[in-house]
Structure formats: structure tokens, C-alpha cells
Amino acid sequence: MTFVATIRVLPKAEVRDPQGEAVRGALRSLGLAVSDVRTGKEIVVTFDAADEAAAREAVRVMGNELLANPVIEDYAYELREGVPA
Amino acid sequence: MTRVAILRYPGTWSERDFQHALSLVPGVESDILWHEDVDLAGYDAAVVPGGFTYGDYVRAGAIAKISPATRELRRFADAGKIVLGSCNGFQILCEAGLLPGAMLRNEGLRFVCRDVFLRVESKRTPFTLAINKGDVLRMPIAHGDGNWTAERRVYEELISKDQVVFRYVKPDGSRGEGGNPNGSLDDVAGICNVKGNIVGLMPHPERACEELLGGTDGARLFKSFATTRMAMQGA
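Residues numbered from 1 in each chain as written. Chains lettered and ligands numbered in written order. Predicted model: local features only at pLDDT ≥ 70, side-chain atom pairs only at ≥ 80, totals over all residues. Heavy atoms only, no water.

**Student:** Sorry, what's going on with the nonpolar core here?
**Tutor:** The nonpolar side chains of a soluble globular protein tend to be buried, and buried together. B:Leu7, B:Leu40, B:Leu73, B:Trp148 and B:Phe166 are the most contacted members of the largest nonpolar core, which has 68 residues in total. Here this core takes 5 residues from helix H5 (residues 219-234) of chain B, the largest share from any one element. When neighbours within four sequence positions are excluded, B:Leu73 is seen to be in contact with B:Leu7, B:Leu40, B:Ala46, B:Val48, B:Val83, B:Leu93 and B:Leu98. If you look at the next biggest cluster of nonpolar residues, it comprises 14 residues, including A:Phe3, A:Ala5, A:Ala55 and A:Val59. (Core = buried A, V, L, I, M, F, W, Y, C linked by side-chain atoms within 4.5 Å. Buried < 20%, exposed > 50% of the residue type's maximum accessible area, 1.4 Å probe, protein only. Helix = DSSP H or I, 4+ residues; strand = E, 2+ residues; numbered from the N terminus. Contact = heavy atoms within 4.5 Å.)

Set out below in C-alpha cells:
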């Protein structure tokens, strides 16, 4: 089966995010009342797996082994069926 | 002869600088190994040089940890052999879990390319054994993601086990405003693992081995390494 995982990686709450701070400053200079900004990334992966359980396990491997660094980042994901390539 | 393997991943750029720096140390010879052909049998030490391996995609050093070269490096380090990672090499060692902590973007968000001053905080690595604790070394940095950090509990353990090897200081050797170029936790510039055989630092010692290029403080790390190797071989 083909799946599409949308994985969101964000810095952990206790980790400083200098990029977020820079974006906060820039948004405030646009005149917006922005109090906090956290920046991360979204990665969309299309892949094959036997079933949904296997797909979730694959996403866990992606998140834990490469896409997020567990020392400084958390990840969350959404999974749906996709169209084969 | 002490034999050093210098690992080259796609995007490594300091491998020839390291080979040149090591060629200046009597009794040391080095080979540059492409990451797909890394067999560390017969080597005494391995170097992971600086660069932008895999374009720093995902995170600096993240994709390199999956290369077979890194698996071989892990076996080599577990066997107690010596590993040195500089700049992207330090990032790769942290990503691979061979050293604790992780790198964040520099606090000022700028890529910083200038000389810094490092104070030697620990003598318990081959690269600092022959240097005095408290000595101040001057060498260049060139990085955008050198802001090393660790969870509090992990850092407290590092301190208790004497794993902080270098700290950023002001030219006079004191801590404080202006010494730290990237905001790293507690001004940490380099660390080692518990055993002391794996060392990572953000600065480039291989670029401070020629007076013509601004200084030779980096050479002191390699001389210390060669001296400790010769002492071990003689024992």
C-alpha cells in the first residue's frame, strides 16, 4: 500500500529557537502584536508499507533516526493513504 | 608510525587541510578514505573533518550518521581507538550519538568565520594530554550551527566526568562577553566521551598549523596526540 506521511518537526519547548526569535522580531516590525514564534519544518514522505501498522512504524523510524534529533526536537505526524507512484 | 584515517563524505572540505597538518607531525601518516570505502583496520585514529556533508540537509551532520562509514567509525570508537571530529565532524559525532548533546543554529544567526580563543579545560584526551590546563589557544572557526547544547542532567554528568575539553574565552583566557561566538551552553567549544577517546570541537585546529596562515596553536593538539601515541607504543 502507498502512504503519505506529513511529519512536523519542532524544537522542544525548553530549547532556544534563534530563528523563531528573528522571525518574531520581523513580524513585530510589520506592526503585528506577535508575542512568540517557534519555527520548524514539515516533511512530506510518500512510501510503501504492508499496512497501516507497518506505515506508522516506518514513520517512527523516519522521525527517530533522521528527521528529528530527539535531544532538541519533537515530531508529530499525520498519515493517509496515497496514490502509488 | 601512527596511522590516521581521514574520512571524506560527500561535502567534506577539510580533509586535505587535515592531511597537510598531520604531515607536519613526525611519526604520523594519514590516508583520506571515501565514505563508501572506509575500513579502519590497522589505523590508530580517525578524523572526521569539517565541511557541509550532504548539504547540511535536515540538520548538519544528520545524513552522514547513516553512512556505512559512520557504522565503521562507531565500531572503531567502541574498540577504544581515537576519534577526532572538527566542525561538521563534531556535528556528525553528536548526531551519531558518539558524543552527547546537539547543535543549534548560532545564537546571532550569522555564519561566523574568524579566530577564537579556546581554553584547555581537560587534559584527559590524547589531544590535550601534553598541553597545560588553562592554556589559551587561538584558532579559526567557520560555522553557522555551532551552538552546542545538552539537557541539564546530561550536562551536569559531563561536568562531573571531566568531559568538557575546550571552552571559548576572551584573549586573556577569562570567560565573558565576546568570548563565545555562537551562544553554546556554558561556552563549550569541544567535548569528549566518557572514555576520553572521542573528541569533538567546533574550531579548526588543522587551519592553525602554519605561521604563514596566522598561527600554530592547532598544531599543539596534533603534537600532543603524536606524543601520547609514541608513549603508548614505547610502553
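**Student:** Before we go on, may I ask you to explain the packing of aromatic side chains in this structure?
**Tutor:** Describing an aromatic ring pair means giving the distance of the ring centres and the angle of the ring planes. Residues and elements named next belong to chain B. Applying the stated criterion to the full structure yields 6 aromatic pairs over all chains. Between Phe-18 and Phe-222, the ring centres sit 5.8 Å apart and the planes meet at 75°, which makes this aromatic pair edge-to-face. With Phe-18 in helix H1 (residues 15-23) and Phe-222 in helix H5, this pair connects stretches of sequence that are 204 residues apart. Among the aromatic residues, those joined into a cluster by ring pairs are Trp-13, Phe-52 and Phe-111. The ring of Tyr-43 is capped by Arg-3, whose NZ or CZ atom sits 4.4 Å from the centre of that ring. (Phe/Tyr/Trp six-rings, centres within 6.5 Å; stacked < 30°, edge-to-face > 60°. Lys NZ or Arg CZ within 6 Å of the ring centre and 35° of its normal.)

**Student:** Which parts of the structure should I look at to understand unusual backbone geometry?
**Tutor:** Excluding glycine, residues mostly carry a negative phi; peptide bonds, for their part, are mostly trans. Residue and element names in this part refer to chain B. Although it is not a glycine, Asp-56 adopts a positive phi angle of roughly 60°. Here Asp-56 lies in the loop between strand S3 (45-48) and helix H2 (68-78). Positive phi outside glycine occurs at Asp-187, with the angle close to 60°. Within the secondary structure, Asp-187 sits in the loop between strand S9 (164-169) and strand S10 (188-192). For Asp-187, a relative accessible area of 14% puts it in the buried group.

**Student:** Explanation requested: H2(B) in the structure shown.
**Tutor:** Side chains that are three or four residues apart share a direction in an α-helix, a result of its 3.6 residues per turn. All names here are of chain B. Turning to H2, its buried residues number three or more, namely Ala-69, Thr-70, Glu-72, Leu-73, Phe-76 and Ala-77. Along H2, the residues classed as buried sweep out an arc of 155° about the axis, all on the same side. Along H2, exposed side chains directed more than 90 degrees from the buried face belong to Arg-75 and Asp-78. At its buried positions, H2 is contacted by strand S1 (2-8), S3, strand S4 (82-86), helix H3 (88-95) and strand S11 (198-201). Of the residues flanking the end of H2, it is Gly-80, one or two places downstream, whose phi is positive at about 90°. (Arc of directions from axis to C-beta.)

Taken by themselves, the reported measurements are silent on function.
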